[in-house]
Amino acid sequence: MSDLDLLTQSLARNVKRWRTERGFTLDALAARAGVSRGMLIQIEQARTNPSLGTVVKIGDALGVSITTLLDYEQGPAVRIVPAEQAVRLWHTDAGSYNRLLAGAEAPGTLEMWDWRLMPGESSPSDPHPAGTVELVHVTSGELTLTVDGVAHRVPTGASASFEAATPHTYANEGGEPMEMIMAVSVPPVR
């Protein structure tokens with residue numbers, strides 16, 4: 001079984017498990033996540049490989065991390081994620097990407113990401129649930145972080161934090177690759 005097949009099967013099993021655990025019908029989860037019922041059925045039957053945005057919306061609606069949705073085994077109390085097992089969920093032909101490095105439920109979702117944006121590229125994000133906070137630390141280049149329509153420049157070595165319940169975009173308007181580490185904390189579903 002390929003890595004993609006393994007992730008698709010894990011996503012199917014875990015979305016159904018967490019939906020059932022939360023007591024959500026397919027219609028209720030579709031409404032909470034802003035995705036179609038048909039898409040959820042395809043995901044739960046492992047018949048599709050959804051976009052990163054769709055997986056984020058489902059995770060947010062369920063109150064679990066992407067790591068939890070893609071986890072194919074229950075791990076020990078200490079979970080080591082080897083570099084080659086970091087999950088690349090988005091990439092472009094120019095070389096931009098993001099990788100989910102690690103995640104936990106603590107008590108809400110907590111995720112750590114590694115990002116690279118090539119010059120001229122950007123990645124928009126839909127609003128996350130109220131109370132979601134993102135932290136970024138730029139390790140090279142300069143990030144243009146736009147939150148709720150306002151652009152902020154974050155140079156190498158600088159960090160930023162913001163409430164992510166509004167539309168936001170990560171962009172590289174410079175001439176060299178931009179790399180950053182990002183942490184996302186989503187409050188538990190109530």
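It should be noted that the structure appears before, not after, this text.
About the criteria used
- Residues numbered from 1 in each chain as written.
- Predicted model: local features only at pLDDT ≥ 70, side-chain atom pairs only at ≥ 80, totals over all residues.
- Heavy atoms only, no water.
- 1 Å grid on protein atoms, 1.4 Å probe; cavity = no way out; pocket = protein on both sides within 12 Å on 5 of 7 lines; lining within 4 Å.
- Points joined across faces, edges and corners; volume = space filled by probe spheres on them.
- Nonpolar A, V, L, I, M, F, W, Y, C, P; charged D, E, K, R; others polar.
- Pairing = 2+ DSSP bridges.
- Helix = DSSP H or I, 4+ residues; strand = E, 2+ residues; numbered from the N terminus.
- Axes fitted to C-alpha atoms, helices over the stretch in contact; angles between N-to-C directions.
- Core = buried A, V, L, I, M, F, W, Y, C linked by side-chain atoms within 4.5 Å.
- Buried < 20%, exposed > 50% of the residue type's maximum accessible area, 1.4 Å probe, protein only.
- Contact = heavy atoms within 4.5 Å.
- Phe/Tyr/Trp six-rings, centres within 6.5 Å; stacked < 30°, edge-to-face > 60°.
- Salt bridge = Lys/Arg side-chain N within 4 Å of Asp/Glu carboxyl O.

Draft legend 1. View of the layout of surface pockets. As a volume, the largest pocket reaches approximately 750 Å³. If you trace the largest pocket, you find 43 residues lining it, with Leu52, Gly53, Val55, Val56 and Ile66 closest to the centre. Considering only residue class, the lining of the largest pocket consists of 24 nonpolar, 12 polar and seven charged.

Draft legend 2. View of the sheet that holds strand 4 (residues 122–125). The strand order across the open sheet built from four strands is 4-9-6-7, with neighbouring strands paired in antiparallel fashion. With partners counted over all chains shown, the strands left at the sheet margins are strand 4 and strand 7 (150–155), one partner each. Neighbour-to-neighbour, the strand axes of the sheet open up by a mean angle of 15°, direction not taken into account. The pairing of strand 6 (residues 142–147) with strand 9 (residues 168–171) spans four bridges and is classified as antiparallel. Looking across to strand 9, one finds that Thr146 is bridged to Thr169.

Draft legend 3. Structural view of the nonpolar core. One finds Ile58, Leu69, Leu143 and Tyr170 to be the most contacted residues of the largest nonpolar core, which totals 42 residues. Contact partners of Ile58, with chain neighbours within four places excluded, come to Val15, Leu29, Ala33, Val35, Leu40, Ile43 and Leu69.

Draft legend 4. Layout of the packing of aromatic side chains. Scanning all chains against the criterion turns up two aromatic pairs. Measuring from centroid to centroid gives 5.0 Å for Trp115 and Tyr170, while their planes differ by 50°, and the two rings are tilted. You can see Trp115 sitting in strand 3 (residues 109–117) and its partner Tyr170 sitting in strand 9, a full 55 residues away along the chain. With a relative accessible area of 2%, Tyr170 lands in the buried category.

Draft legend 5. Main features of the pattern of salt bridges. Per the stated rule, a full pass over the model turns up nine salt bridges. Residues Asp114 and Arg99 are paired through a salt bridge, measuring 2.5 Å at the closest nitrogen-oxygen approach. With Asp114 in strand 3 and Arg99 in strand 2 (residues 97–105), this pair connects stretches of sequence that are 15 residues apart. One salt bridge connects Arg116 with Glu179, and the closest N-O pair in it is separated by 2.4 Å. In this pair, Arg116 sits in strand 3 while Glu179 sits in strand 10 (residues 178–186), placing the two residues 63 residues apart along the sequence. According to the relative accessible area criterion, Arg116 is partly exposed, its value standing at 26%. Among the ionic contacts, a cluster of salt bridges with common partners joins Arg17, Glu21 and Arg22.

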